[in-house]
Amino acid sequence: MATINTSYQKLAAGYLFPEIGRRVREFQNARANADVLRLGIGDTTEPLTSTIVKGLQDAVAGLGTTDGYSGYGDSEGIPALREAIAAQYQKLGTPVHADEVFVSDGAKPDSANIQSIFGPDNVVAVQDPAYPVYVDSNVISGRTGEAANGCYEGLVYMPCTEDNGFFPELPKQKADLIYICSPNNPTGAVATHAQLKAFVDYARANQAIILFDSAYAAFITDPSLPRSIYEIEGATECAIEISSFSKSVGFTGVRLGWSIVPNALVAEGTSPGEIKGLWTRRQNTFFNGASNLVQAGGVAALSDPGLAEMQEQVSFYLENARIIREGVEGVGLTAFGGVNAPYVWMRTPPGVSSWEFFDKVLSECYVVGTPGAGFGPSGEGYFRLSAFGHRANIERAVESLRTRLKL
Ligand code: PLP
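Presented here is a report on the structure given in the accompanying data block. (Residues numbered from 1 in each chain as written. Predicted model: local features only at pLDDT ≥ 70, side-chain atom pairs only at ≥ 80, totals over all residues. Heavy atoms only, no water.)

Section: the sheet that holds strand S9 (residues 239–244)
Stage number 1. In space, the 7 strands of this open sheet follow the order S2-S10-S9-S8-S7-S3-S6, with mixed pairing throughout. Where the open sheet ends on each side, the last strands, each with one partner, are strand S2 (101–104) and strand S6 (156–159). The sheet shows a mean angle of 20° between the axes of neighbouring strands, direction not considered.
Stage number 2. By the bridge criterion, 4 bridges tie strand S3 (residues 124–128) to S6 in an arrangement that is parallel. Following the sheet pairing, Ala125 is matched in S6 by Val156.
Stage number 3. Sitting on the sheet, helix H5 (residues 133–140) is in contact with S3, strand S7 (177–181) and strand S8 (209–213), with an inclination near 155° to S7. (Pairing = 2+ DSSP bridges. Helix = DSSP H or I, 4+ residues; strand = E, 2+ residues; numbered from the N terminus. Axes fitted to C-alpha atoms, helices over the stretch in contact; angles between N-to-C directions. Contact = heavy atoms within 4.5 Å.)

Section: the nonpolar core
Stage number 1. By size, the foremost hydrophobic cluster in this structure holds 54 residues, and its most contacted members are Ile85, Ile178, Ile210, Ile229 and Phe245.
Stage number 2. Apart from the residues lying within four places of it in its own chain, the contact partners of Ile85 are Val101, Val103, Phe245, Trp258 and Leu302.
Stage number 3. By size, the runner-up hydrophobic cluster in this structure holds 40 residues, among which are Phe27, Ala34, Phe358 and Leu385. (Core = buried A, V, L, I, M, F, W, Y, C linked by side-chain atoms within 4.5 Å. Buried < 20%, exposed > 50% of the residue type's maximum accessible area, 1.4 Å probe, protein only.)

Regarding the sheet that holds strand S15 (residues 382–386)
Stage number 1. Ordered by their spatial adjacency, 4 strands build an open sheet running S11-S12-S15-S14, and the pairing between neighbours is antiparallel. At either end of the open sheet lies a strand with only one pairing partner, and these are strand S11 (335–337) and strand S14 (370–371).

Quick look at the site of the ligand
Stage number 1. Not every one of the 15 residues close to the ligand is listed here, only the nearest: Asn185, Asp213, Tyr216, Ser244 and Ser246.
Stage number 2. Within the backbone of Ala107, one N or O atom sits 2.7 Å away from an oxygen atom of the ligand.
Stage number 3. In this structure, Ser244 approaches the ligand through a side-chain N or O atom, which is 2.6 Å from an oxygen atom.
Stage number 4. Coverage of the ligand by the protein amounts to 92% of the 400 Å² it exposes when considered alone.
Stage number 5. For the shell around the ligand, the elements supplying multiple residues, two or more each, are helix H4 (107–113) and helix H7 (246–249).
Stage number 6. Of the residues forming the shell around the ligand, the biggest block, 3 residues, is contributed by H4.
Stage number 7. For the shell around the ligand, the per-class residue count stands at 7 nonpolar, 4 polar and 4 charged. (Near = heavy atom within 4 Å. Polar contact = N/O pair within 3.5 Å; in protein donor to acceptor, adjacent residues only side chain to side chain. Areas by Shrake-Rupley, 256 points an atom, 1.4 Å probe, with all protein chains shown as cover. Nonpolar A, V, L, I, M, F, W, Y, C, P; charged D, E, K, R; others polar.)

Focus on the packing of aromatic side chains
Stage number 1. Applying the stated rule across the entire model yields 20 aromatic pairs.
Stage number 2. With a centroid separation of 5.6 Å and an interplanar angle of 75°, the aromatic rings of Phe316 and Tyr317 are classed as edge-to-face.
Stage number 3. When its relative accessible area of 22% is taken as the criterion, Phe316 is described as partly exposed.
Stage number 4. On the accessibility criterion, Tyr317 (0% relative accessible area) is buried.
Stage number 5. Seen in terms of ring centroids, Trp345 and Tyr382 are 5.4 Å apart; in terms of plane orientation they differ by 5°. Their pairing is stacked. Separated by 37 residues along the polypeptide, Trp345 in strand S12 (residues 343–347) and Tyr382 in strand S15 bring together distant segments of the chain.
Stage number 6. Note on Trp345: relative accessible area 0%, which makes it buried.
Stage number 7. Among the residues examined, Tyr382 registers a relative accessible area of 11% and is labelled buried.
Stage number 8. Linked through ring pairs, Tyr216, Phe219, Phe316, Tyr317, Tyr343 and Phe388 together constitute an aromatic cluster. (Phe/Tyr/Trp six-rings, centres within 6.5 Å; stacked < 30°, edge-to-face > 60°.)

Okay, structure coming up:
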């Protein structure tokens with residue numbers, strides 16, 4: 001008799017974004033398809049840049065020729081892309097090499113799959129609030145108990161609050177796998193060198209491993225802030241970095257990301273190279289590599305003209321973030337983030353929960369945001385607006401908040 005993985009039944013509510021989608025559809029059905037302005041999901045809206053389009057077109061044309069055709073490639077990625085990604089890390093002064101780069105179909109799959117190479121008894125620590133995939137993938141894999149009051153038993157929650165500038169203190173209890181996301185989704189906070197160094201020191205002292213999600217690194221404009229965990233000395237021994245082309249060049253639908261699993265990385269009882277070997281084995285077994293066409297688009301994105309266009313696109317979204325942040329501050333809300341990150345995080349009015357505020361903003365202003373509670377217990381009392389959107393829509397949303405939100 002077949003049985004199911006009952007850990008799925010522990011997953012608290014449905015995944016956050018389907019629930020938001022359900023409420024928006026319900027609202028639209030009740031309001032004769034009201035024109036809602038979506039600043040909820042962090043999905044890119046601006047077209048691919050010309051250098052990327054040309055890279056993709058050339059790759060398609062190449063596949064249509066006998067000489068240019070290629071079939072299966074290495075599951076780790078094509079050498080040109082692995083080298084181009086490593087070159088970006090070397091520009092930051094980090095010791096990352098192409099043989100440590102694993103190209104993938106995105107940071108979400110990698111951040112969900114990476115836990116599979118670690119033992120079931122590892123204690124997992126997450127920033128709270130956090131991108132939901134870190135928690136859910138560990139729930140599904142059986143590393144937690146049941147959920148009670150919004151917290152899974154056995155998981156270490158590291159609160160990110162106004163008091164600590166939305167970056168957590170070191171865990172007081174044992175933690176073996178520590179997820180850190182900077183720039184952070186959802187808070188928009190960016191970790192400093194000193195903050196990351198404290199975690200790297202902790203990880204090295206406790207033989208813990210940091211799973212560092214840098215999907216939004218391209219949005220860091222302040223040169224004093226680290227864009228990679230490998231800017232911190234010793235991080236290659238204790239950190240895996242997961243990143244993405246999704247937000248920097250609009251590949252949310254195209255799909256391309258990467259992970260860095262350093263040769264130097266070690267866990268309890270392993271020697272350098274062993275963990276990288278496990279991830280290689282995992283990818284060779286479960287994954288046949290990212291699309292060769294898409295990888296060609298990635299190579300184009302990392303060319304000099306591609307990088308210049310990436311910078312322009314990132315600046316466009318950051319200008320949206322500035323408009324949103326100033327707009328919400330203008331209506332009297334307290335806002336955070338949105339400076340080196342495409343998310344503006346705001347405190348809900350006193351006594352209004354984050355889902356209540358979600359419903360209020362939707363019904364009064366026709367604007368969709370994301371309730372902070374969907375990202376973890378410490379997200380309660382907060383609300384996120386995403387800066388991904390056409391400028392006109394962002395301006396309409398801010399105007400709607402200004403004129404229609406009843407505070
Ligand atoms: N990591 C974080 C922190 C995210 O917010 C997201 C998407 O919203 C992702 C990863 C997903 O990246 P990808 O599109 O590469 O799967």
